[in-house]
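Here are the chains, one letter per residue:
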Amino acid sequence: MAKQHVRFTFEPNLIQEPLIYQLGHQFEVITNIRMADVDASVGWVVLELEGEPDEIERSIEWARSKGVRVDEPTLGDVVEG
Amino acid sequence: MSYAQALRCRECEREYPLDPAFFCQFCFGPLEVDYDYEAISRVMTRESVAAGPPTLWRYAPLLPCDPEYKVDLGTGYTPLLRADRLAEAIGLDTLWIKNDTVNPTWSFKDRVVSVAIARARQFGFTGIACASTGNLANSVAAHGAHAGMDTFVFIPDDLEEGKVVGSAIYSPALVMVRGSYDDVNRMCTELSHDQPWAFVNINVRPYYAEGSRTLAYEVAEQLGWRTPDHCVVPMASGSLFTKIWKGFKELHQVGLIDEPQTRMSGSQAAGCSPISTAYAEGTLNFRPQKPNTIARSLAIGNPADGFYALKTMQETEGGAEMATDQEIIDAVKLLAETEGIFAETAGGVTVACLKRMVESGHIRRDEETVAFITGGGLKTIEAVQGQLTEPLRVPASSDAFLEALEARRATEAGVAVAAGGA
């Protein structure tokens with residue numbers, strides 16, 4: 001079992017979708033919300049995903065395919081000017 | 001000695017020891033260095049600062065590293081220049097330029113790298129690394145060379161030749177990475193977890209970011225130990241913006257200045273403006289963007305400190321603006337023509353946004369303003385090539401020169417009349 005920290009960002013059209021619930025049901029991955037905020041223009045959530053590394057990767061790819069932006073939670077872009 | 005006493009989570013305020021760590025184990029919030037300000041206020045006076053070296057190390061008690069580990073290329077204590085001609089051009093009574101183009105590798109990144117590399121040596125790291133599109137790469141390569149450390153610099157493989165040379169000259173392990181912007185980000189984050197290096201803006205980021213506060217200390221000292229009414233600061237990750245405000249507040253905390261009343265406003269390029277867009281929309285939650293601007297040194301689509309920059313604007317009644325690529329080029333030229341300072345595109349962003357803020361009334365004419373110019377123009381000459389007045393080309397004859405000069409003036413006068421008529 002492995003743990004991975006991710007930040008999901010949702011565009012307004014995805015805010016009402018129960019994507020984290022679906023992710024937890026479609027993949028053998030435990031989702032643990034640590035921080036989150038949602039308003040009218042954007043929503044984000046910082047998650048800990050726990051499971052087999054391949055399964056976590058598959059679940060992240062699935063989230064991306066649904067239109068979720070997936071980032072490392074704390075750093076933002078690390079390529080600086 | 002250093003008066004840093006802990007790392008503290010910016011979200012839940014949990015404390016951690018001073019290790020190479022950057023996020024809170026509990027909430028994954030970012031960590032920031034906390035200091036023993038009472039002890040600092042006992043040792044740091046205006047006189048002790050004045051007696052220090054003409055570099056950022058004059059503020060050593062407020063830095064998160066022991067000065068005996070410093071790698072000093074002479075960074076900091078850069079000029080604060082009164083900019084009357086630019087002020088008049090854009091409609092301000094009093095404008096100052098904090099000219100950070102004169103640092104050892106010609107950008108403010110020397111400040112953050114000075115602190116990061118000192119702390120990395122204090123931790124016992126023998127390797128230092130970064131991922132960058134230019135300024136940070138140049139600075140890490142130079143400081144790594146001066147310190148004799150193993151130095152790893154990752155750059156995108158589509159970088160302009162000048163920027164590649166600006167790092168390669170110091171002979172680091174220079175790695176050009178093929179792939180999208182997101183791919184390079186992901187690869188470097190993975191490397192930072194796996195390799196025994198100080199990746200300056202990843203595993204030692206809390207210390208690295210603290211170097212930016214020295215800009216605030218210098219401005220306050222150079223103004224005679226007071227703060228200006230308004231600051232205009234370029235924003236990429238948003239870190240510099242938040243740290244300048246933190247720096248002013250700290251100087252008050254240690255008793256060196258009155259409580260700052262400065263309004264903090266940020267500048268971004270329209271082609272990469274997640275923070276300025278969120279400000280315009282009245283939200284603290286920015287949406288990441290795919291950068292598309294000539295201001296590559298500010299091209300961070302997913303800014304780590306964007307939320308905190310927006311909070312700082314709220315706290316100080318500041319704001320944010322964005323400028324188009326053409327406005328950026330025009331502003332680079334305006335700064336050069338009025339003040340004799342050749343800035344890179346990020347400087348153009350700041351001046352263009354400053355101009356917009358004055359025009360919109362966000363900055364009042366009587367607000368004493370400081371604009372932060374953070375990098376030198378020779379790094380981005382391609383941005384202004386083709387946009388400058390062509391030189392007169394003449395044979396070696398004074399008559400030919402005078403004739404060409406007259407022709408040029410006549411053309412310019414014609415253009416001015418045509419513009420006036422339109």
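Keep in mind the model is a prediction, meaning the values are calculated, not measured.

Brief notes about the packing of aromatic side chains
How two aromatic rings sit relative to each other is given by the distance of their centres and the angle of their planes. All names here are of chain B. Tallied over the entire structure, the rule returns 13 aromatic pairs over all chains. When the centroid spacing of 4.0 Å and the interplanar angle of 15° are considered together, the rings of F152 and W197 count as stacked. Here F152, found in strand 7 (residues 150-156), pairs with W197, found in the loop between helix 7 (181-194) and strand 9 (198-199); they are 45 residues apart in sequence, far enough to count as distant. For F152, a relative accessible area of 21% gives the class partly exposed. Given the relative accessible area of 12%, W197 is considered buried.

So, the pairing of strand 1 (residues 2-10) of chain A
All names here are of chain A. In this structure, strand 1 lies alongside strand 3 (residues 43-51), joined through 9 bridges in antiparallel fashion. Residue pairing across strands places V6 opposite L47, the latter belonging to strand 3. Sheet topology places strand 1 next to strand 4 (residues 69-71); 3 bridges connect them, and they run antiparallel. If you follow R7 over to strand 4, its bridge partner there is D71.

Details of the confidence of the model for chain B
When pLDDT is averaged across chain B, the result is 95; 99% of the residues are at 70 or more. Among the scores for the predicted complex, ipTM is 0.84 and pTM is 0.93.

Let's talk about the sheet that holds strand 4 of chain A
Hydrogen bonds between backbone atoms are what pair the strands of a sheet, whose relative direction is either parallel or antiparallel. Residue and element names in this part refer to chain A. Taken in spatial order, the 4 strands line up as 2-3-1-4 in an open sheet, and their pairing is antiparallel. This sheet does not close on itself; its edge strands, each paired only once, are strand 2 (30-38) and strand 4. Shown here is a sheet whose adjacent strand axes are inclined to one another by a mean of 25°, direction ignored. The sheet strands contacting helix 2 (residues 53-65) are strand 1, strand 3 and strand 4, and the helix crosses strand 1 at an angle near 5°.

Cut-offs and rules
Residues numbered from 1 in each chain as written. Chains lettered and ligands numbered in written order. Predicted model: local features only at pLDDT ≥ 70, side-chain atom pairs only at ≥ 80, totals over all residues. Heavy atoms only, no water. Phe/Tyr/Trp six-rings, centres within 6.5 Å; stacked < 30°, edge-to-face > 60°. Helix = DSSP H or I, 4+ residues; strand = E, 2+ residues; numbered from the N terminus. Buried < 20%, exposed > 50% of the residue type's maximum accessible area, 1.4 Å probe, protein only. Pairing = 2+ DSSP bridges. pLDDT = per-residue confidence, 0-100. Axes fitted to C-alpha atoms, helices over the stretch in contact; angles between N-to-C directions. Contact = heavy atoms within 4.5 Å.

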